[in-house]
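Survey of secondary and tertiary structure
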Amino acid sequence: QVQLVESGGGLVQAGASLRLSCAASGFTFSAYAMGWFRQNPGKQREFVAAISWIGANTYYADYADSVKGRFTISGDNAKNTVYLQMNSLKPEDTAVYYCARSGSRRYTPGGGMEYWGKGTLVTVSS
């Protein structure tokens, strides 16, 4: 019943911006940490960003060092949607981006996610 549907990927030039969306359903949105991960050919899936809920409309964010200062994750409880605003995109950001749901409201680095979306492709040209 849990469903995560990503959208917003595309082909852009280096330095451009994109905003990814993840529409969630089938669970209480603010009861579970939500994250973004990415994977490209030849590399292991890596953590990008996550939100950990501390209230119905309050959360804190974690970021991978590679995207810190460029990407911003946010969650909208009213819309059951998590976003990833990506600025100053680089060719190395090219990957399939996946939305994922944790098993608790707090994200734990290295912890496994329970549910995954199918992903949306982001391609950044040089």
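What comes next concerns the included structure. These figures come from a predicted structure and were not determined experimentally. (Residues numbered from 1 in each chain as written. Predicted model: local features only at pLDDT ≥ 70, side-chain atom pairs only at ≥ 80, totals over all residues. Heavy atoms only, no water.)

To continue, consider the overall build of the chain. Looking only at helices and strands, one finds 0 helices and 11 strands in the chain. When the helices and strands of the chain are read in sequence order from the N terminus, they spell out β-β-β-β-β-β-β-β-β-β-β. Over its C-alpha trace the chain gives a radius of gyration of 14 Å, about what one expects of a compact globule, namely 14 Å for 126 residues. For the chain, long-range pairs separated by at least 24 residues make up 57% of all intrachain contacts whose partners lie at least 6 apart in sequence. Accessible surface for the chain amounts to roughly 6,400 Å². Of this, 46% is attributable to carbon and sulfur atoms. Between the mean site of the 12 positive side-chain charges and the mean site of the 8 negative ones, the chain shows a separation of 3 Å. (Helix = DSSP H or I, 4+ residues; strand = E, 2+ residues; numbered from the N terminus. Rg over C-alpha atoms; globule rule 2.2 N^0.38 Å. Contact = heavy atoms within 4.5 Å. Areas by Shrake-Rupley, 256 points an atom, 1.4 Å probe, with all protein chains shown as cover. Lys, Arg positive; Asp, Glu negative; His and termini not counted. Charge placed at Lys NZ, Arg CZ, Asp CG, Glu CD.)

Now for the pattern of salt bridges. Close approach of charged atoms allows side chains of opposite charge to pair. According to the stated counting rule, one finds 5 salt bridges in the structure shown. Close ionic contact of D93 with R38 constitutes a salt bridge, the shortest N to O distance being 2.9 Å. Residue D93 is found in the loop between β8 (81-86) and β9 (95-101), and its partner R38 is found in strand β4 (residues 34-39); the two are separated by 55 residues along the sequence. Here the two residues D93 and R38 agree in accessibility, since each one is buried. A salt bridge links R70 to D93, with the nearest nitrogen and oxygen atoms 2.8 Å apart. Remark: D93 occurs in the loop between β8 and β9 and R70 occurs in the loop between β6 (59-63) and β7 (71-76); sequence separation between them is 23 residues. Across this residue pair, the class does not change: R70 and D93 are buried. Among the charged side chains, a salt-bridge network with shared partners connects R38, E46, R70 and D93. (Salt bridge = Lys/Arg side-chain N within 4 Å of Asp/Glu carboxyl O. Buried < 20%, exposed > 50% of the residue type's maximum accessible area, 1.4 Å probe, protein only.)

Let us now look at the packing of aromatic side chains. Per the stated rule, a full pass over the model turns up 6 aromatic pairs. Ring geometry for F37 versus F47: centroids 5.6 Å apart, planes at 70 degrees, classification edge-to-face. Here F37, found in strand β4, pairs with F47, found in strand β5 (residues 46-53); they are 10 residues apart in sequence, far enough to count as distant. Each member of the pair, F37 together with F47, is buried. Geometrically, the ring pair formed by F47 and Y107 is stacked, given 4.9 Å between the ring centres and 10 degrees between the ring planes. Placement of F47 in strand β5 and of Y107 in the loop between β9 and β10 (115-116) is noted, with a sequence separation of 60 residues between them. (Phe/Tyr/Trp six-rings, centres within 6.5 Å; stacked < 30°, edge-to-face > 60°.)

For the rest of this paragraph, the subject is the environment of K118. Along the chain, K118 falls in the loop between β10 and β11 (120-125). Taking the C-alpha atoms as reference points, K118 and Q44, separated by 74 residues in sequence, lie 16 Å from one another. In this structure, K118 is in contact with L4, E6 and Y98, ignoring residues within four places of it in sequence.

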